[in-house]
There are 2 protein chains.
Amino acid sequence: MSDQNSNKLVVVGSVAVDWVITPTAEREESVGGAAVFFAMAASPLTPVQLVGVVGHDFPAAALGDLERAGVDLDGLERNSDGLTFRWKGRYHENMNQRDTLETHLNVFENFSPRLPPSYRESEFLFLANIQPSLQLDVLDQMAKRPRLVGLDTMNLWIDIAHDKLLEVLARVDVLAINEEEALQLTSETNLVRAANKIRELGPKTLVIKRGEYGALCFGPDNALFAAPAMPLEDVVDPTGAGDSFAGGFMGHLARTGEITDDYVRQAVIWGSTMASYCVQGFSYDQLRGLSREDIEGRYQSFVELTRF
Amino acid sequence: MSDQNSNKLVVVGSVAVDWVITPTAEREESVGGAAVFFAMAASPLTPVQLVGVVGHDFPAAALGDLERAGVDLDGLERNSDGLTFRWKGRYHENMNQRDTLETHLNVFENFSPRLPPSYRESEFLFLANIQPSLQLDVLDQMAKRPRLVGLDTMNLWIDIAHDKLLEVLARVDVLAINEEEALQLTSETNLVRAANKIRELGPKTLVIKRGEYGALCFGPDNALFAAPAMPLEDVVDPTGAGDSFAGGFMGHLARTGEITDDYVRQAVIWGSTMASYCVQGFSYDQLRGLSREDIEGRYQSFVELTRF
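Residues numbered from 1 in each chain as written. Chains lettered and ligands numbered in written order. Predicted model: local features only at pLDDT ≥ 70, side-chain atom pairs only at ≥ 80, totals over all residues. Heavy atoms only, no water.

Trainee: Explain the overall build of chain A here, please?
Mentor: Summing up its helical and strand segments, chain A has ten helices and 13 strands in all. Expected size for 308 residues packed as a compact globule is a radius of gyration near 19 Å; at 18 Å, chain A falls within 12% of this value. Along the first, second and third principal axes, the C-alpha atoms of chain A reach 50 × 45 × 45 Å. Out of the 308 residues belonging to chain A, those deemed buried represent 60%. Counted over contacts in chain A with a minimum sequence separation of 6, partners at least 24 positions apart contribute 65%. In the form shown here, chain A has an accessible surface area of approximately 11,900 Å², with 45% of it arising from carbon and sulfur atoms. Taken together, the 27 basic and 44 acidic charged side chains of chain A have centroids lying 4 Å from each other. (Helix = DSSP H or I, 4+ residues; strand = E, 2+ residues; numbered from the N terminus. Rg over C-alpha atoms; globule rule 2.2 N^0.38 Å. Buried < 20%, exposed > 50% of the residue type's maximum accessible area, 1.4 Å probe, protein only. Contact = heavy atoms within 4.5 Å. Areas by Shrake-Rupley, 256 points an atom, 1.4 Å probe, with all protein chains shown as cover. Lys, Arg positive; Asp, Glu negative; His and termini not counted. Charge placed at Lys NZ, Arg CZ, Asp CG, Glu CD.)

Given below as structure tokens:
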């Protein structure tokens, strides 16, 4: 799927071992983390360079999966002094809400992302959900301003690192966040008003992730695009859906090197495609080993789902 | 907008005077009811014949609005012995949830729909949300089985009139209900599984209304169609959005006389178009007097919103 002129795509974010409990199943050592889901979703589209940290307990098999997917792990720090970031959560009956049962930052707590020289020239960069100060630090490590910088964040940083977050926002092109986060960030109750405010803070493109309801994209030319999520009978584990979405989204833009409104719309569908695979298995099980036919078939299903 | 060969569309349902309170405004005598919203939304598309009941307090101006919209009121019973059905509700800050503060059935309590002879030959029928036994009664009054019968219902009837509801379901072509109602009706937590079960109960076409998230349609050829709601900055009053959706949906099918998958998809967009106007004002304020240009312009906005 990667075009010959694909651009390299750097992602910085968490690498984790999750303990995921759903109403019907459970996986205790489920490899996750935003950077992992992002990389597994983007790598069928474009070469990914990952920045993150793991402890001595991180499964070697997962490193193998990432390598086989063509993910560059030069930027993955191996910290033998501690355990990998661990998260434990339980999904509700409807699979849309979840409770966090435990969070152990472990080696992620003092993580200071260091970009290998080979990453610093890359034209596409995604700052997954980590402290805004670290996101700024990564931006500063780039040899030059990338062509496209994407950002994710969370309620915690909106609360406790608001000013730093505003600093990052002013320096990015795309913000991809959840609906609730968009409202929280702007103290708004209406999503369109929230979107207008956010785009004044920096990012010209705003992608609102709405889980099973799809995504809403306020694009570079002020165009508004709405995409559904693929209705699925077999949602196994929603963990990582948003990060997989971001991976498909950024992956398409990096692969084509085009960031106009039309390509951004397609990117939303590529994001939705990857998210739909993600939730059909635990961890990145269903993202691993996707063929070109698989992903083009699912993309085509979105065409069918939305045409009128 | 009405084509020369438009089909007449009968709607049976509530006619009400609501007291609507939103976080920023309030209207004490807000004409509403499922049949009214449905009729005001469908009438720009096809001739509507309304069946319902009002009391002596129902505003004459509203009757005038319906008449000017071309709605046939021969089937509207005027009961001078009592008050019109009244509902009072308050919307939450996000405008998506609401609390019912008061419900007074008044003349609606002993309503027994009676179809004028001129209605009984109509080819398109929508049974808005009333007791399933009355819906059955209306079906039996039709001279022959209409070409297309649509149905709405609510959690109350799913709870207390389950068997009667199943009887109606077996006799209709389209069910248009809310997401929560679809799950409740089937005791399912997954919407796709719920949809499959519902379609085994009778209706070949199922439209799941998801409020600000749009609609999902399981169509006559097993095709799945997802449509967003129009993101709006100025939601004034969501009351009647679902009924307006149903009006636009059924109105398009009656107008064209076509009920294939392609027309059902367009019908969902016409429903979304009418719902988007409905919520931009109190009562049917924004549905009243819509020009052909207005509605075709909004339909075109949906094309723009969803294309990729």
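Trainee: Please clarify how empty space enclosed by the protein should be interpreted in this entry.
Mentor: Over the atoms, a rolling probe the size of a water molecule traces out where space has been left empty. The full count for this structure, using the stated rule, is three cavities of 30 Å³ or more. By volume, the largest cavity amounts to about 130 Å³. Lining the largest cavity are 18 residues, and of these Tyr213, Ala227 and Pro228 of chain A together with Tyr213 and Pro228 of chain B lie nearest its centre. Of all the secondary-structure elements, those providing two or more residues to the lining of the largest cavity are strand S12 (215-218) and strand S13 (224-227) of chain A together with strand S12 (215-218) and strand S13 (224-227) of chain B. (1 Å grid on protein atoms, 1.4 Å probe; cavity = no way out; pocket = protein on both sides within 12 Å on 5 of 7 lines; lining within 4 Å. Points joined across faces, edges and corners; volume = space filled by probe spheres on them.)

Trainee: I'm lost on the interface of chain B and chain A in this one. Help?
Mentor: When the parts of a complex come together, some accessible area is lost, and that lost area is often used as the size of the interface. Counting residues at the interface gives 32 residues for chain B, matched by 32 residues for chain A. Buried area between chain B and chain A, summed over both chains or domains, comes out near 2,900 Å², and the portion from carbon and sulfur atoms is 56%. By the criterion of area lost to chain A, the three top residues of chain B are Tyr213, Glu233 and Phe308 of chain B, representing 26% of everything that side buries. Residue Arg307 of chain A pairs with Asp261 of chain B through a salt bridge whose shortest N-O separation is 3.6 Å. Across the chain B-chain A interface, the total number found is 16 residue pairs in polar contact (both at pLDDT 80 or more). Those elements giving two or more residues to the side of chain B that touches chain A turn out to be helix H7 (191-201), S13, helix H9 (261-278) and helix H10 (292-306) of chain B. Ranked by residues supplied to the side of chain B that touches chain A, first place goes to H10 of chain B with six residues. (Buried area = accessible area lost by both parts, 1.4 Å probe. Salt bridge = Lys/Arg side-chain N within 4 Å of Asp/Glu carboxyl O. Polar contact = N/O pair within 3.5 Å; in protein donor to acceptor, adjacent residues only side chain to side chain.)

Trainee: Explain the relation of the copies chain B and chain A here, please?
Mentor: The two chain copies are connected by a rotation around an axis plus a translation along it. Superposing chain B onto chain A requires a rotation of 180° together with a translation of 0.0 Å along the rotation axis, leaving an RMSD of 0.0 Å. Both copies of the chain, as the preceding transformation shows, are related through a two-fold rotation axis. Among all C-alpha atoms of chain B, that of Tyr213 of chain B lies closest to the rotation axis, at 3.1 Å. Both copies contact each other with a shared surface, as 100% of the interface residues of chain B are interface residues in chain A too. (Least-squares fit on C-alpha atoms with pLDDT ≥ 70 in both.)

So far we have only geometry, and geometry alone does not tell us how the molecule works.
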